[in-house]
Amino acid sequence: MTEELTARIDKTIKNLKRNNMDAYYCENKEQACELVKTLINKGDTVTNGGSETLFQTGIYDIISSSDYNYLDRSAPGITREEVEEVYRKTFRADVFFTSSNAVTENGELYNVDGNSNRVAAILYGPKSVIVVCGKNKLVKNIDEAIYRVKTVSAPKNTIRLNCDTYCAKEGKCVSLNKENPELCQGCKSEQRICCNYVVSAQQRQKGRIKVIIIGEDYGY
């Protein structure tokens, strides 16, 4: 890892802590998995938002094991009504796992959602929120975070979810075709995944949000 990247990670962790979020650095996914086991207790009720990072790192396998009471929104044969019930139960969970679309060097989390159960749980409900991010999600500031979502996170996730959107086809948000694109501008597809835009900055409840930064690239 370069000195520049090390400095950026150090700055990000320092500012996350300044914003009342716990922050950790792990060199690789193996270290991250071991850290996760220390942050949750056997028998805890845990669940997660949609996240490729959790699958790629193996953290999903940990939290969905029999050691924990896992709320599974993707269980075989689950109905839409049952999925909605899992979303509601999430607010009473001990731990909610997710990633973030971007983490700024100023210690902010930036997330954009369609259904928005993920951002809702980040903001309120679960006793603890554990955010796992690869180094590829580090950005300088909110402006870079916005651009990252419009050019990386949204296009790749719409492809993964097989959504019929402009960004899935063109690799970028339609708003970037304008000279001065605005934050919330986008396509009008019924399958648009950019509906609610959330910045998590200074936290009232110190340590509720815990951010794990991994020195490898994961997710979108």
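Right above here is the structure, for reference.
Residues numbered from 1 in each chain as written. Predicted model: local features only at pLDDT ≥ 70, side-chain atom pairs only at ≥ 80, totals over all residues. Heavy atoms only, no water.

1. Some points on the side chain of Thr45
Note the cut-off: For helices the rule is a DSSP run of H or I covering at least 4 residues; for strands it is a run of E covering at least 2, with both sets numbered from the N terminus onward. When accessible area is computed with a 1.4 Å probe and restricted to protein chains, residues below 20% of their type maximum are described as buried, those above 50% as exposed, and intermediate ones as partly exposed.
Position of Thr45 relative to the elements: it lies in strand 2 (residues 45-48). Relative accessible area serves as the criterion here: at 18%, Thr45 is assigned to the buried category.

2. So, the pairing of strand 10 (residues 209-214)
The cut-off we apply is this: Should DSSP find at least two bridges between two strands, the strands are taken to pair.
Strand 10 sits mainly inside the fold: six of its six residues count as buried. Here strand 10 shows a buried face lined by Ile209, Val211 and Ile213 and a second buried face lined by Lys210, Ile212 and Ile214. Examined bridge by bridge, strand 1 (residues 22-26) and strand 10 share five bridges and lie parallel to one another. Bridge pairing in strand 10 links Tyr25 to Ile213.

3. Details of empty space enclosed by the protein
Heads up, the condition is: Cavities and pockets are found on a 1 Å grid laid over the protein atoms alone: a cavity is a set of points where a 1.4 Å probe fits but cannot escape, a pocket is an open set with protein on both sides within 12 Å along at least five of seven lines, and a lining residue has an atom within 4 Å of such a point. Grid points are joined across faces, edges and corners, and a volume is the space filled by probe spheres set on the points.
Inspection of every chain in the model, using the stated rule, returns one cavity of 30 Å³ or more. By volume, the largest cavity is sized at about 150 Å³. Lining the largest cavity we find 21 residues, and of these Ala154, Cys167, Cys173, Gly186 and Cys194 sit closest to its centre. When residues of the lining of the largest cavity are traced back to their parent elements, those giving at least two are strand 6 (109-113), helix 7 (142-160) and helix 8 (166-170). Of all the elements, helix 7 adds the most residues to the lining of the largest cavity, at five residues.

4. Section: the side chain of Asp44
Condition: The convention is simple: Lys and Arg are positive, Asp and Glu are negative, and His and the chain ends are not counted. Salt bridges are identified by distance alone: a Lys or Arg side-chain nitrogen within 4 Å of an Asp or Glu carboxyl oxygen.
In this fold, Asp44 is placed in the loop between helix 2 (29-39) and strand 2. Of the side chains with opposite charge, Lys127 lies nearest to the buried Asp44, which makes no salt bridge, at 7.2 Å.

5. A few points about the sheet that holds strand 1
The line we're drawing: In this description, contact between two residues means that some pair of their heavy atoms is separated by no more than 4.5 Å. For helices, the fitted axis covers only the stretch in contact; all axes are lines through C-alpha atoms, and the angles between them, taken along N-to-C directions, range from 0 to 180 degrees.
In spatial order, the strands read 1-10-7-4-2-3; together these six strands make up an open sheet with parallel pairing. Lying at the two open borders of the sheet, with one neighbouring strand each, are strand 1 and strand 3 (69-70). Two elements, strand 2 and strand 4 (residues 95-98), share three bridges in a ladder whose sense is parallel. From the neighbouring strand, Thr47 faces strand 4, where its bridge partner is Phe96. Against the sheet, helix 1 (residues 3-18) engages strand 1 and strand 10, with an angle of about 160° to strand 1.

6. Overview of helix 2
Because an α-helix packs 3.6 residues into every turn, residues spaced three or four apart end up facing the same way. Convention followed: When we speak of the arc, we mean the arc of directions from the helix axis to the C-beta atoms. Within 3.5 Å is the distance limit for a polar contact, defined as a pair of N or O atoms, with the added protein rule that one can donate a hydrogen and the other accept it, and that residues adjacent in sequence qualify only through two side-chain atoms.
Those residues of helix 2 that fall on the buried side of the exposure criterion are Ala32, Cys33, Leu35, Val36 and Leu39. Relative to the axis of helix 2, the buried residues are bounded by an arc of 165° and lie together on one face. In this fold, the buried residues of helix 2 make contact with strand 1, helix 3 (52-57), helix 4 (59-63), strand 4, strand 7 (128-134) and strand 10. Among the residues of helix 2, the N-terminal cap falls to Asn28, whose side-chain oxygen and the backbone nitrogen of Glu30 are separated by 3.2 Å.

7. Topic: the nonpolar core
Just so we agree on the cut-off: For our purposes a nonpolar core is just a set of buried Ala, Val, Leu, Ile, Met, Phe, Trp, Tyr and Cys residues, chained together by side-chain atoms within 4.5 Å.
One finds Ile40, Ile59, Ile63, Phe97, Ile130, Val132 and Ile212 to be the most contacted residues of the largest nonpolar core, which totals 22 residues. Those elements giving two or more residues to this core turn out to be helix 2, helix 4, strand 4, strand 7 and strand 10. Sort the elements by how many residues they give to this core and helix 2 lands first, with five residues. Once residues lying within four places of it in the same chain are set aside, the contact partners of Ile59 are Cys33, Val36, Leu54, Phe97 and Val132. Core analysis: the next-biggest nonpolar cluster, separate from the first, contains 18 residues, Ile9, Met21, Ala23 and Ile209 among them.

8. Brief notes about the pairing of strand 4
Burial of strand 4 is two-sided: the residues Val95 and Phe97 facing one way and the residues Phe96 and Thr98 facing the other way are all buried. Pairing analysis gives four bridges linking strand 4 to strand 7, with the strands arranged parallel. Residue pairing in the sheet places Phe96 in a bridge with Val129 of strand 7.

9. Side note on the environment of Val95
Looking at the secondary structure, you find Val95 in strand 4. What Val95 contacts, discounting residues up to four positions off in sequence, is Ile40, Asp44, Thr45, Val46, Thr47, Ser128 and Ile130.

10. Points about the packing of aromatic side chains
For the record, the criterion: Note on ring pairs: Phe, Tyr and Trp rings are taken, using the six-membered ring of Trp, and paired if centres are within 6.5 Å. Classes follow the plane angle, with under 30 degrees stacked, over 60 edge-to-face and the rest tilted.
For the structure on display, the rule yields two aromatic pairs. Arranged with centres 5.8 Å apart and planes meeting at 85°, the rings of Tyr60 and Tyr70 form a pair that is edge-to-face. Remark: Tyr70 occurs in strand 3 and Tyr60 occurs in helix 4; sequence separation between them is ten residues. Ring pairing ties together the aromatic residues Phe55, Tyr60 and Tyr70, which thus form one cluster.

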